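# Examining the three-dimensional arrangement
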Amino acid sequence: QQISRSVSSIRKRQSEESGISLAYLLSTQFLELAQRRTGKEDPTFYELGDAFFLSGQGIGASGMCPRDGELGCSFVDTLPPKH
């Protein structure tokens, strides 16, 4: 029980302190994700928002949030720590 609480606390803190790196945002991986989700070669910031978060299958919508334990997590929580 104590270990489980400790792990949850660590994951919550990591989530709260995480951010997405500029290197990831400029990467081919992110570009391909943006193009795939929007269907556009050069999507705008607003198109990314709609495609990433407001669509029926928003990024993180089906993930468990490490901050509150509820369904639906942040985009940063879906990425490996290196990003």
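Calculation notes
Residues numbered from 1 in each chain as written. Predicted model: local features only at pLDDT ≥ 70, side-chain atom pairs only at ≥ 80, totals over all residues. Heavy atoms only, no water. Helix = DSSP H or I, 4+ residues; strand = E, 2+ residues; numbered from the N terminus. Polar contact = N/O pair within 3.5 Å; in protein donor to acceptor, adjacent residues only side chain to side chain. Contact = heavy atoms within 4.5 Å. Salt bridge = Lys/Arg side-chain N within 4 Å of Asp/Glu carboxyl O. Buried < 20%, exposed > 50% of the residue type's maximum accessible area, 1.4 Å probe, protein only. pLDDT = per-residue confidence, 0-100. Axes fitted to C-alpha atoms, helices over the stretch in contact; angles between N-to-C directions. Parallel < 35°, antiparallel > 145°, perpendicular 65-115°, else oblique. Nonpolar A, V, L, I, M, F, W, Y, C, P; charged D, E, K, R; others polar. Phe/Tyr/Trp six-rings, centres within 6.5 Å; stacked < 30°, edge-to-face > 60°.

## Section: the side chain of Thr38
Mapped onto the elements, Thr38 comes out in helix α3 (residues 28–38). In terms of polar contacts, Thr38 uses its side chain to reach the backbone amide nitrogen of Lys40, at 3.1 Å. Each residue touching Thr38, except ones within four places of it in the same chain, is listed here: Pro43, Glu47, Leu48 and Ala51.

## A word on the pattern of salt bridges
In total, this model carries two salt bridges according to the counting rule given. Glu16 is the partner of Lys12 in a salt bridge, and the nearest nitrogen-oxygen pair spans 2.9 Å. Taken together, the residues span about one helical turn, with Lys12 and Glu16 both in helix α1 (residues 2–17) at a distance of four residues. When its relative accessible area of 43% is taken as the criterion, Glu16 is described as partly exposed. A salt bridge links Glu47 to Lys40; the nearest nitrogen and oxygen atoms lie 3.1 Å apart.

## Quick word on the confidence of the model for the protein
Chain-level statistics for the protein give a pLDDT mean of 92 and a share of 100% at 70 or above. Across the protein, the secondary-structure element scoring lowest on mean pLDDT is α1, at 90, and the one scoring highest is α3, at 96.

## Some details on the packing of α3 against helix α4 (residues 45–54)
Where α3 meets α4, the axes come as close as 9 Å, and the angle between the chain directions of the two elements is 75°. What the angle tells us is that α3 and α4 run roughly perpendicular. Facing Phe30, Leu33, Ala34, Arg37 and Thr38 of α3, the residues of α4 in contact are Glu47, Leu48, Ala51 and Phe52. Its residues placed into classes, the contact of α3 with α4 shows six nonpolar, one polar and two charged.

## Concerning the packing of aromatic side chains
Going through the model one piece at a time under the given rule, you end up with six aromatic pairs. Look at Phe30 and Phe52: their rings are 5.8 Å apart centre to centre, the planes differ by 75°, and that puts the pair in the edge-to-face class. Of this pair, Phe30 sits in helix α3 while Phe52 sits in helix α4, and the two are 22 residues apart along the sequence. In terms of burial, Phe30 and Phe52 fall into one category: buried. Both rings, one in Phe45 and one in Tyr46, keep their centres 5.9 Å apart while their planes meet at 80°; by these two values the pair is edge-to-face. Accessibility expressed as a relative area gives 67% for Tyr46, which makes it exposed.

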